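# A look at the structure
Here are the chains, one letter per residue:
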Amino acid sequence: AQSVTQLGSHVSVSEGALVLLRCNYSSSVPPYLFWYVQYPNQGLQLLLKYTSAATLVKGINGFEAEFKKSETSFHLTKPSAHMSDAAEYFCAVIGGSQGNLIFGKGTKLSVKP
Amino acid sequence: KAGVTQTPRYLIKTRGQQVTLSCSPISGHRSVSWYQQTPGQGLQFLFEYFSETQRNKGNFPGRFSGRQFSNSRSEMNVSTLELGDSALYLCASSLEGAVGYTFGSGTRLTVV
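Here goes a summary of the coordinates provided. The structure presented is a predicted model; accordingly, all values stated were derived computationally and were not measured. (Residues numbered from 1 in each chain as written. Chains lettered and ligands numbered in written order. Predicted model: local features only at pLDDT ≥ 70, side-chain atom pairs only at ≥ 80, totals over all residues. Heavy atoms only, no water.)

Tracing the sequence through the fold places Ser70 of chain B in the loop between β7 (64-68) and β8 (74-78). With 32 residues separating them in the primary sequence, Ser70 of chain B and Thr38 of chain B have C-alpha atoms 30 Å apart. (Helix = DSSP H or I, 4+ residues; strand = E, 2+ residues; numbered from the N terminus.)

Across the contact, 21 residues belong to chain B and 19 residues belong to chain A. Of the roughly 1600 Å² buried at the junction of chain B and chain A (both faces included), carbon and sulfur atoms supply 52%. If you sort the residues of chain B by the area they bury against chain A, Leu43, Val99 and Tyr101 of chain B come out on top, with a joint share of 39%. Linking chain B to chain A there are 0 salt bridges. Connecting chain B to chain A are 5 residue pairs in polar contact (both at pLDDT 80 or more). Elements supplying a minimum of two residues to the side of chain B that touches chain A: β4 (31-38), β5 (42-50), β6 (53-57) and β9 (87-94) of chain B. Sort the elements by how many residues they give to the side of chain B that touches chain A and β5 of chain B lands first, with 3 residues. (Contact = heavy atoms within 4.5 Å. Buried area = accessible area lost by both parts, 1.4 Å probe. Salt bridge = Lys/Arg side-chain N within 4 Å of Asp/Glu carboxyl O. Polar contact = N/O pair within 3.5 Å; in protein donor to acceptor, adjacent residues only side chain to side chain.)

All right, on to the layout of surface pockets then. Put simply, the largest pocket is a space of about 410 Å³. Looking at the largest pocket, it is lined by 20 residues, and the ones nearest its centre are Gln38, Glu88, Phe90 and Lys108 of chain A together with Gln37 of chain B. Listed by contribution, the elements that provide at least two residues to the lining of the largest pocket are β9 (87-94) of chain A together with β4 and β9 of chain B. In the lining of the largest pocket, the residues fall into 7 nonpolar, 9 polar and 4 charged. Counted as a void, the second largest pocket has a volume near 300 Å³. Ile102 and Phe103 of chain A together with Leu43, Gln44 and Phe45 of chain B are the residues nearest the centre of the second largest pocket, which is lined by 18 residues in total. Of all the secondary structure elements, the ones that give two or more residues to the lining of the second largest pocket are β1 (3-7) and β10 (101-103) of chain A together with β5 of chain B. (1 Å grid on protein atoms, 1.4 Å probe; cavity = no way out; pocket = protein on both sides within 12 Å on 5 of 7 lines; lining within 4 Å. Points joined across faces, edges and corners; volume = space filled by probe spheres on them. Nonpolar A, V, L, I, M, F, W, Y, C, P; charged D, E, K, R; others polar.)

What follows is the structure, given as structure tokens:
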């Protein structure tokens, strides 16, 4: 069965520093992988998705993620953090027989001035 | 174009009552999925509807039900509310054949 694990429930960075949010997946088939962001009292906004077209995926707001099959990872990065990036980030994979999204537990990103 | 619209945004209900939440998908999207988000369990899949038929279902009790109308709008119903049903309920729509889901802003349900 497909699953995702997000390492670190909280990550804190300084404004301008590199953002790295970790996600490892488990899948018996080539996965479809997603990163979503959630601001307080809001729904989920799609940052980017991997659909096997290219291993380096660029998303909105300067985020990108690299699919590494050998490491079963899909880590999210941004070269320079901005205060507006403070939010909760969810990694997700499309599940097996049901085809629904299976989410990680989320990583809350704090950005210090 | 308009996004996924969920109404109402906030609800307060009493234990034992029932509640109905509404979701209007993006125009042209015929698939609607529902998710429950709680601090303890995270984001969990409830069910998915496509062309008025439930296509998939998560591991929730029968008190949770849904339906979809011919215009693709969907409702979910929770009967005999329990305190543990307090959560953010998110609806997502997708285009058949496309990989991706667009989420609404959610309905925050509080059971007291």
